[in-house]
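Report on the structure
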Amino acid sequence: MVPSTNRYLLQFCSFLLRFRWISLAVVGLLTAAAGSQLPHIQIDNSNESFFVTGDPTKERLDAFKDTFGNDDFVFILVDVPEVFDAGTLQRLAEFADRLEMETPHLLSLTWIGNVEWIEGIPGGILIEELIPETDLPPAQLSALRNKTLADPLYRDRLVSATGQSTGILMEFENYPDIGIDPRKDVPPVILQLVEEFSDLQTHVVGGPIMDYVMDGKTAEEAPLWMGGALLGMCLMLILTTRSVAGVLVPALTVILSVIWTMGLFAYLGYTVNLLVILVPTLLLCVGIGDTMHVVAEFKQSMNAGMPRHASLLHTLNLVSGPILLTTVTTAIGFLAFTLTDLKPLMELGIQAATGVFAALILTYLFAVPVLSFGAAAESDKDAGQTDKSRGQAPASEDIFDHLLNNIANSVINNKTAYGLAFAVLTALSLVGVSRLEIETNTVQDMPADDPLRVAFNYVDANMGGSMSLEFVIDTGAENGIKDHTLLQKVDALQTFLNNHPLVTQTSSVLDQLKQMNRAIHENQPQAYTLPESRNQVAEYLLLYESGGGSELEKYVAFTYDKMRVQARTRSIALADTRQLQDDVHRFVEAEFDDSISVYGTGGLAMFERIADLIAVGQGRSFLFALVAVTLILMLTLRSIRLGLIAMVPNVLPVAASLGLMGWAGAQLNMIGMVLAPMIIGVAVDDTVHFFVRYRRYFSQLGDYDQAYSKTMRTVGRPLLFTTLVLVVGFASFSFSIFAGPRNFSWASMAAFTAALLAEFMLVPVLLAWLKPLGRKDTSPSMLANSP
């Protein structure tokens, strides 16, 4: 009697075969609809895109922008023979004017020609542009040069101490809340003007530029990853199936699943980032297994002489349960990412899990109808391989069979040695994991010779740093920042930051107050200090604003309850950002009253927050995948002990891959966070096949070694080929210019290789030692218990 579940399944499959043209037409229409959405996919690698709604770091940055304006900036460093030359200044003025007129969302553009200068004059204070005219005689230019280079507010900020480099600082208004990322409008205009003024030697850095370049490189690499993975897997399919259908049907099925998945989420308005762009290639690698199993079993049935439709029904009756189970476990591995607080990882988990189920659906709606076309039966030319798949002795053995037999014999005769070897490997892996560091600075992920990284490094070395960390001082009281005692403490903080090895320069409203004090005291250099009282602070601020000063709103809140101190840094690593934040925190605790809140925000603070979320999310998603898959294995194998042992070849590869990264000095970024849950979700597929078959043979033979040997002879070969397909597929990421995908590539390949080795060499040792299925028994009663 056919079980009701199988009966319904067979009825559904018979329906598919009867209406196969309709099924293919539906697939065609859905594919066309999904494909029409692909051009609407938009890439967003901005830092803000990483955070979910309600994240405190994101909310703090939003509050900063509401108070002080956008923290985004673009800095253009220009190398010239001499800045204070009439011809050079004229050309720089033309460049700056074009940038100011044509760049969208620009709030202000500051360069040495229009920077604010405060000077005391008889009867008052003069606030004007430093160089109101560029066509000045040499003597006047020389005087301007000396005056500018003597002022700490301009030296090595807008002009180098040598006078041979100058900077153009572009600051932006808060971007309108329309579209995916309005700041994408900014870089093309700037870069086009840089090209127009190619006679100027420029180096362009800043958040919008970095995101724009990253988006472009991501878009360029994604087709290469997918194409490389597809080509490699097709070559492996040719090797393993040796048939046209065996190559084309799985490949087309998984390609359609990619189109369906990406088209669906493009329609839903999801954006693509450096993580989500992995989804197509991931689906190619992990989604192809369902159809491979169907094609392989179908080929065996056809070779046995069954009619084509009967072969398909027989095949689906055998493999539907296993491929549904492996689809669920793989999806669990990806859905574990939804437990993180990083938006790109959550979206990757949802999209990849959806794609895995899309591949399963297409196996029935597309692969099965396509396989139903053709001759009634195939030749017997692959009978040898059919015999092997059924557990019978093959007509002839090839190099793979000899390899598997040699592995089985070696493990059976050297259990202690293999057990000790894996114990040492596990210990070394755990030590390596402890050495692993997290890095979220995107610039650090790029090749040393990449033009963007070269520009960042050049600006870091020659002009004040390419990044910044913003510190907000919140008094909680209107006019609170006018307090003279507080300003002295802020001045001490600014001095502390200026002397910090990680900070290149700072700026705050104190700079304007000191300039005003100097101007009041007849421009004496020694008067470049804070006003002497609260009343003087209020007077200077009023005098500054009434005299035409325009910088105040950048540094103080409208109600004077908050102020900012900007600390410019080089493109520092995450560990340096943490060190700087910790040093400032200790200084504030020692010097500031508890009523004053001082906190960091901006781009570097967001990098730090992303790293924290990676650390927490890695553990949370790994634990979820571990528990969920363990429960599924226990239920599938109907044994708690066997289920726990079955998790060994799924957990060990995680430790091995992360440990290898730690020993190699590779850093874990957001892409690396995908590793642990994904490995468990994918590696468990082979575990299910190995343990189900092993348990069946032990029930028949009553001997652990014999059951292992027979398992290797039957399922060892497909497990080996499945791993080869995965390794070849993930190798495509090794062609990335970014360190993250490259590390992800070889760590994944190492993990899947370690999973296979643990399956073949460690699991049989543990089963023989722990005997979860009972003692050896070759009696007829044991044989009678065979399911």
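To be clear, the structure that these remarks concern was listed above.
To keep things clear, this report deals only with the structure shown in the data block. As the structure is a prediction and not an experimental result, all values here were calculated from the model.

Some points on the packing of helix H10 (residues 289-303) against helix H11 (residues 308-335)
It is at 8 Å that the axes of H10 and H11 come closest, and there the two elements cross at 150 degrees. Overall, the two elements H10 and H11 adopt an arrangement that is roughly antiparallel. Here H10 runs over H11; the crossing is right-handed. Between H10 and H11, the residues in contact are Asp290, His293, Val294, Glu297, Phe298, Ser301 and Met302 and Arg308, Ser311, Leu312, His314, Thr315, Leu316, Leu318, Val319, Ile323, Thr326 and Thr327, respectively.

Some thoughts on the pairing of strand E1 (residues 73-79)
When you tally the buried positions in E1, you get seven out of seven residues, the bulk of the element. The side-chain alternation of E1 yields two buried faces, one formed by Phe73, Phe75, Leu77 and Asp79 and the other by Val74, Ile76 and Val78. Relative to strand E5 (residues 165-172), E1 runs antiparallel, the two sharing seven bridges. What sits directly across from Val78, in E5, is Thr166. For E1 and strand E6 (residues 201-206), the ladder comprises six bridges, and the chain directions are antiparallel. Paired with Val74 across the two strands is Gly206, which belongs to E6.

Some points on empty space enclosed by the protein
Tallying each qualifying case throughout the model produces seven cavities of 30 Å³ or more. Size it by volume and the largest cavity reaches roughly 410 Å³. What lines the largest cavity is a set of 23 residues, and nearest its centre among them are Arg157, Leu169, Ser507, Glu551 and Tyr555. Elements with a contribution of two residues or more to the lining of the largest cavity: strand E3 (116-121), E5, strand E9 (503-507), helix H18 (509-520), helix H20 (552-555) and strand E10 (562-569). When grouped by side-chain class, the residues that make up the lining of the largest cavity number eight nonpolar, seven polar and eight charged.

Topic: the sheet that holds E6
The antiparallel open sheet is built from four strands, whose spatial order is E2-E5-E1-E6. This sheet does not close on itself; its edge strands, each paired only once, are strand E2 (106-110) and E6. Going across the sheet, the axis of each strand differs from the next one's by a mean of 15 degrees, ignoring polarity. Its contacts with the sheet put helix H16 (residues 451-462) on E1 and E6, and the angle it makes with E6 is roughly 95 degrees.

What to know about the side chain of His500
Within the secondary structure layout, His500 lies in the loop between helix H17 (484-498) and E9. Residues within four places of His500 in sequence aside, it is in contact with Leu580 and Asp583.

Regarding the nonpolar core
Formed by 113 residues in total, the largest nonpolar core has its most connected members in Phe334, Met678, Phe690, Phe691, Phe730, Phe744 and Phe760. Element by element, the count of residues in this core is highest for helix H28 (residues 739-770), at 14 residues. Excluding its chain neighbours within four sequence positions, the residues that come into contact with Phe690 are Tyr708, Thr711, Met712, Val715, Leu719, Glu759, Phe760 and Val763. Judged by nonpolar contacts, the second largest core, of 99 residues, contains Val74, Met210, Leu552 and Ala567.

About the thresholds
- Residues numbered from 1 in each chain as written.
- Predicted model: local features only at pLDDT ≥ 70, side-chain atom pairs only at ≥ 80, totals over all residues.
- Heavy atoms only, no water.
- Axes fitted to C-alpha atoms, helices over the stretch in contact; angles between N-to-C directions.
- Helix = DSSP H or I, 4+ residues; strand = E, 2+ residues; numbered from the N terminus.
- Parallel < 35°, antiparallel > 145°, perpendicular 65-115°, else oblique.
- Left-handed = near helix turned anticlockwise from the far one by under 90°.
- Contact = heavy atoms within 4.5 Å.
- Buried < 20%, exposed > 50% of the residue type's maximum accessible area, 1.4 Å probe, protein only.
- Pairing = 2+ DSSP bridges.
- 1 Å grid on protein atoms, 1.4 Å probe; cavity = no way out; pocket = protein on both sides within 12 Å on 5 of 7 lines; lining within 4 Å.
- Points joined across faces, edges and corners; volume = space filled by probe spheres on them.
- Nonpolar A, V, L, I, M, F, W, Y, C, P; charged D, E, K, R; others polar.
- Core = buried A, V, L, I, M, F, W, Y, C linked by side-chain atoms within 4.5 Å.

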